[in-house]
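Structural features, examined
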Amino acid sequence: MTVPMQESRVDSGYRPAGAPHTADEVRGSSVGELLRQVTTDLSTLMRQEVELAKAEIRQEGKRAGKAAGLFGGAGFGGYMVALFLSIALWAGLSNVMDAGWAALIVAVLWGAIAAVLYSMARKNARRVRGLTRTSDSVQRIPDALKPHPEGVTR
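Below, the structure is looked at part by part. (Residues numbered from 1 in each chain as written. Predicted model: local features only at pLDDT ≥ 70, side-chain atom pairs only at ≥ 80, totals over all residues. Heavy atoms only, no water.)

What follows deals with the overall build of the protein. Across its full length, the protein holds four helices and zero strands. Each helix (α) and strand (β) of the protein, taken in turn from the N terminus, gives the series α-α-α-α. Taking all 154 residues of the protein together, the buried fraction comes to 12%. Taking the intrachain contacts of the protein between residues at least 6 apart in sequence as the baseline, contacts between residues at least 24 apart amount to 65%. Per element, the accessible surface of the protein, about 12300 Å² overall, is 65% carbon and sulfur. (Helix = DSSP H or I, 4+ residues; strand = E, 2+ residues; numbered from the N terminus. Buried < 20%, exposed > 50% of the residue type's maximum accessible area, 1.4 Å probe, protein only. Contact = heavy atoms within 4.5 Å. Areas by Shrake-Rupley, 256 points an atom, 1.4 Å probe, with all protein chains shown as cover.)

Below, the structure written as structure tokens:
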């Protein structure tokens, strides 16, 4: 049984992605080699941007989930409270006035409560920031790599 040996890179032209090159190295390289280096660097850049976006989405997803949970909890809690208290208040006011007017008073009261719950949930949702680091990083990509508008010819 033979064990494959790992080839060592002694090639002086090999550089990790993103490593700076001297002017002499660039002059001595073929166009194919330069294109390979650019392709490698672009591939590394895109992988890093995707990883940054994934990490930021996970972080912001937790905040958005909390806000969504608060919206849901406010809606369900508001519904249950409104249902039972509305019935009790409507029945109590029906003893003093017409049942229609009693129902209208109860509806206006719970409309005000729902508005307060909504404003609290909205305030919490505004804390979700989005993908700020990814957006900043993508803006630093050179214009040559960005897509051209439809009307521009090359």
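Attention shifts here to the nonpolar core. Judged by nonpolar contacts, Ala 82, Leu 93, Ala 102, Val 106 and Trp 110 together constitute the single largest core of five residues. Every element with two or more residues in this core is listed here: helix H2 (31-94) and helix H3 (99-125). For Ala 82, the contacting residues outside a window of four places in its chain are Ile 87 and Trp 110. (Core = buried A, V, L, I, M, F, W, Y, C linked by side-chain atoms within 4.5 Å.)

A separate point is the packing of aromatic side chains. Following the criterion strictly, the structure yields one aromatic pair and no others. Relative to Tyr 118, the ring of Phe 71 has its centre 6.4 Å away and its plane inclined at 35 degrees; by these criteria the two rings are tilted. Here Phe 71 is found in helix H2, whereas its partner Tyr 118 is found in helix H3, with 47 residues between them in sequence. Taking the relative accessible area as the measure of exposure, Phe 71 reaches 32% and is therefore partly exposed. (Phe/Tyr/Trp six-rings, centres within 6.5 Å; stacked < 30°, edge-to-face > 60°.)

Side chains that differ in sign of charge can pair as their charged atoms come close. One pass over the structure, following the stated rule, counts three salt bridges. Note that Lys 54 is salt-bridged to Glu 51, the shortest N-O span being 3.6 Å. One end of the pair, Lys 54, and the other, Glu 51, are both in helix H2, three residues apart, so they sit about a helical turn from each other. For Lys 54, a relative accessible area of 41% corresponds to the partly exposed category. Arg 63 serves as the salt-bridge partner of Glu 60, at 2.7 Å between the closest nitrogen and oxygen. Here Arg 63 and Glu 60 lie together in helix H2, a separation of three residues that amounts to about one turn. (Salt bridge = Lys/Arg side-chain N within 4 Å of Asp/Glu carboxyl O.)

Worth remembering: the numbers are spatial, not functional.
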